Amino acid sequence: CCCCCCCCCCSLLSRRRSHALAHSRRARGGTTKLAGAAAAAAAGVAAAAMPHLDANMGVAYSALLAMAVVPIYVGSHRSLYAKRPSDALTSKDAYMFPLLASCVLFSMYMMFKLFPKEYVNMLMTAYFLVFGLIAVGTTLSPVVARVLPNGAGAVPWRRTVHFWWDDEATDFEMYRSDWIAAALAVAVGVWYATTKYWVAANVLGVCFATSGITYLALGSYKVAAILLTGLFFYDIFWVFGTDVMVTVARSFDAPIKVVFPRDLFADELQFTLLGLGDIILPGIFVALLLRFDGTRAGVIGDEAKATLPFTKTYFNTNMAAYVAGLVTTIVVMHVFDAAQPALLYLVPFCLGTSFVVAVARGELSELLAYSEEEEEEEEGADK
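Residues numbered from 1 in each chain as written. Predicted model: local features only at pLDDT ≥ 70, side-chain atom pairs only at ≥ 80, totals over all residues. Heavy atoms only, no water.

Caption draft 1: Main features of the overall build of the chain. The number of helices and strands found in the chain is 15 helices and 4 strands. Taken across its 383 residues, the chain has 50% of its residues classed as buried. Summed over all atoms, the accessible surface of the chain reaches about 17,900 Å², with 64% contributed by carbon and sulfur. (Helix = DSSP H or I, 4+ residues; strand = E, 2+ residues; numbered from the N terminus. Buried < 20%, exposed > 50% of the residue type's maximum accessible area, 1.4 Å probe, protein only. Areas by Shrake-Rupley, 256 points an atom, 1.4 Å probe, with all protein chains shown as cover.)

Caption draft 2: Examining the confidence of the model for the chain more closely. Summary statistics for the chain give a mean pLDDT of 81 and a share of 82% for residues scoring 70 or more. Low pLDDT, under 50, characterises residues 11-32; the stretch is placed with 65 contacts to residues that sit more than four places away or in other chains. Low pLDDT, under 50, characterises residues 376-383; the stretch is placed with 1 contact to residues that sit more than four places away or in other chains. (pLDDT = per-residue confidence, 0-100. Contact = heavy atoms within 4.5 Å.)

Caption draft 3: Region of the structure containing helix H8 (residues 221-241). A rise of 1.5 Å per residue sets the reference length of H8, with its 21 residues, at 30 Å; its end C-alpha atoms lie 29 Å apart and thus fit the reference within 8%. Restricting attention to buried positions, one finds in H8 the residues Tyr 221, Val 223, Ala 224, Leu 227, Leu 228, Leu 231, Phe 232, Tyr 234, Asp 235, Trp 238 and Val 239. Here the buried face of H8 lies against helix H4 (91-114), helix H9 (244-251), helix H10 (277-297), helix H13 (343-360) and helix H14 (364-369). (Expected span 1.5 Å × (residues − 1).)

Caption draft 4: The arrangement of the packing of aromatic side chains in detail. Applying the stated criterion to the full structure yields 16 aromatic pairs. Ring centres of Phe 292 and Tyr 314 lie 5.1 Å apart, and the angle between their planes is 75°; on these two criteria the pair is classed as edge-to-face. Pair noted here: Phe 292 is in helix H10 and Tyr 314 is in helix H12 (residues 313-336), with a separation of 22 residues, a long-range link. One exposure class covers both Phe 292 and Tyr 314, and it is buried. Following the ring pairs from residue to residue traces out a cluster consisting of Phe 112, Tyr 127, Phe 128, Phe 131 and Phe 252. (Phe/Tyr/Trp six-rings, centres within 6.5 Å; stacked < 30°, edge-to-face > 60°.)

Caption draft 5: Focus on the pattern of salt bridges. Evaluation of the coordinates by the stated rule reveals 5 salt bridges. In this structure, the salt-bridge partner of Glu 372 is Arg 291, at a minimum N-O distance of 2.2 Å. Pair noted here: Glu 372 is in helix H15 (residues 372-382) and Arg 291 is in helix H10, with a separation of 81 residues, a long-range link. Judged by relative accessible area, Glu 372 falls into the buried class, the value being 3%. By relative accessible area, which is 1% here, Arg 291 ends up buried. Salt-bridge contacts for Arg 361 lead to Glu 363; the nearest nitrogen and oxygen are separated by 3.1 Å. By relative accessible area, which is 11% here, Glu 363 ends up buried. Taken together, the salt bridges that share partners define one network made up of Arg 296, Arg 361, Glu 363 and Glu 366. (Salt bridge = Lys/Arg side-chain N within 4 Å of Asp/Glu carboxyl O.)

Caption draft 6: Structural detail: the packing of helix H5 (residues 117-147) against helix H6 (residues 176-195). In contact at an axis separation of 7 Å, H5 and H6 are set at 140° when each is read in the N-to-C sense. Relative to H6, the element H5 lies oblique. Viewed along their axes, H5 and H6 form a crossing whose handedness is right-handed. Contact residues: H5 offers Thr 125, Leu 129, Leu 133, Val 136, Gly 137, Leu 140, Ser 141, Val 144 and Ala 145, while H6 offers Ser 177, Asp 178, Ile 180, Ala 181, Leu 184, Ala 185, Val 186, Gly 189, Tyr 192 and Ala 193. Looking at the contact of H5 with H6 residue by residue, the class counts come to 13 nonpolar, 5 polar and 1 charged. (Axes fitted to C-alpha atoms, helices over the stretch in contact; angles between N-to-C directions. Parallel < 35°, antiparallel > 145°, perpendicular 65-115°, else oblique. Left-handed = near helix turned anticlockwise from the far one by under 90°. Nonpolar A, V, L, I, M, F, W, Y, C, P; charged D, E, K, R; others polar.)

Caption draft 7: Structural detail: the side chain of Ser 371. Among the secondary structure elements, Ser 371 is positioned in the loop between H14 and H15. Ser 371 sits in the buried class, given a relative accessible area of 14%. Ser 371 has contacts with Gly 219 and Ser 220, leaving out every residue within four places of it along the chain.

Caption draft 8: Broad picture of the environment of Arg 250. The topology assignment puts Arg 250 in helix H9. Residue Arg 250 is classed as exposed on the basis of its relative accessible area of 66%. For the pair Arg 250 and Leu 273, spaced 23 residues apart in sequence, the C-alpha separation works out to 9.3 Å.

Caption draft 9: Structural context of the nonpolar core. The biggest cluster of nonpolar side chains holds 89 residues, and the ones touching the most others in it are Val 248, Phe 252, Ile 279, Phe 285 and Tyr 322. Top contributing element to this core by residue count: H10, with 11 residues. (Core = buried A, V, L, I, M, F, W, Y, C linked by side-chain atoms within 4.5 Å.)

Caption draft 10: H10, seen in detail. Here H10 contains 21 residues, and its C-alpha end-to-end distance of 30 Å stays within 8% of the 30 Å for a straight helix at 1.5 Å per residue. Phi turns positive one or two residues past the end of H10, at Gly 298, with a value near 75°.

Caption draft 11: Broad picture of unusual backbone geometry. Even without glycine at this site, Lys 196 takes up a positive phi of about 55°. Within the secondary structure layout, Lys 196 lies in the loop between H6 and helix H7 (198-215). Judged by relative accessible area, which is 33%, Lys 196 ranks as partly exposed.

Caption draft 12: Region of interest: the side chain of Gln 340. Relative to the assigned elements, Gln 340 resides in the loop between H12 and H13. Of the polar contacts made by the side chain of Gln 340, one reaches the side chain of Tyr 345; its length is 2.8 Å. (Polar contact = N/O pair within 3.5 Å; in protein donor to acceptor, adjacent residues only side chain to side chain.)

Caption draft 13: Quick look at a nonpolar patch on the surface. Taken together, the side chains of Val 143, Val 147, Leu 148, Ile 180 and Leu 184 present a nonpolar region at the surface, about 400 Å² in accessible area. For the nonpolar patch, the secondary-structure elements that each account for two or more residues are H5 and H6. Relative to the helices and strands, Leu 184 is located in helix H6. (Patch = residues over 30% accessible without salt bridge, like charges linked within 9 Å, V, L, I, M, F, W, Y side chains within 5 Å.)

Caption draft 14: Spatial organisation of the environment of Val 120. Assignment of secondary structure puts Val 120 in helix H5. The class for Val 120 is buried, based on a relative accessible area of 4%. Here the alpha-carbon distance between Val 120 and Phe 252, two residues 132 residues apart in the chain, equals 8.4 Å.

As structure tokens, this is what we get:
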């Protein structure tokens, strides 16, 4: 799941056309309180379910939770006005995605079985590192621009490049902040390539997740529901039905997961991990719901409006649902001391919550009919 999802991110990030600034503020109102209450309740359930949890594991699980929630929150808000590729997923793509992911996953499994693990990891690390550098640059650029503004009247460096794998030309536009972010990205890449240090891998992974959630587009709520439902069964099969998923996750030494030591002070570090697929895939669904909220509030594509508070009913409730689902995954994993397919818990929590909220508010038909492709066509016609 991580491999296929990251490959999709790489393809779309390579076609990125511009940088988007994101400076989101917390939403106000009853839904924020509801989201906070749900997250607090999830934490309380976790504490009750794991009474013998030691402090080191508590820190590790909390770190994983933070590294999952922050990219979703930041990436979702950036997606309100980011220029995403126009070719969003279709229903056919959503149906095929679990099959494609299965092929990629099993191919990786066979590569680890047939070839020396060191060579496989060397090849895949080089591949993901290139796109990881792009992700770090796109993630840090808005932060650098906030600290060191480009200034009024700044003229960017522009180039148009036609890559052989892309039918359309790619326009590159870089300001001073982008060059600084690129330099930082190279530094992170060199740090990871020379040391394979877990902190460097996490920086690449978190930035990868943030960029993926920002730029990947599902197209519509129905497509999102089809995709997540298919991946729900995909995750169950490959984790519980075979040893393929666990073997690949443990053998794959590339920045496609976030990790944290079970004991920071141990002589030999052992890690607990979360695949980027369990962050990006639910994350792009949560981002879709934020854009649904944004469409109703009239802030899509308008950076100035999107940074102001507006009603985020579906986003807030689904962020809380994601936290609850991930906490449930961690509790079950800890109690049974066995790997768990996170989407087994995340998909019902996220899809179910959005459905229940829509029914409760009498907006189910509006949610099911929501499509971003129609909005893009209307924007193109206006231009």
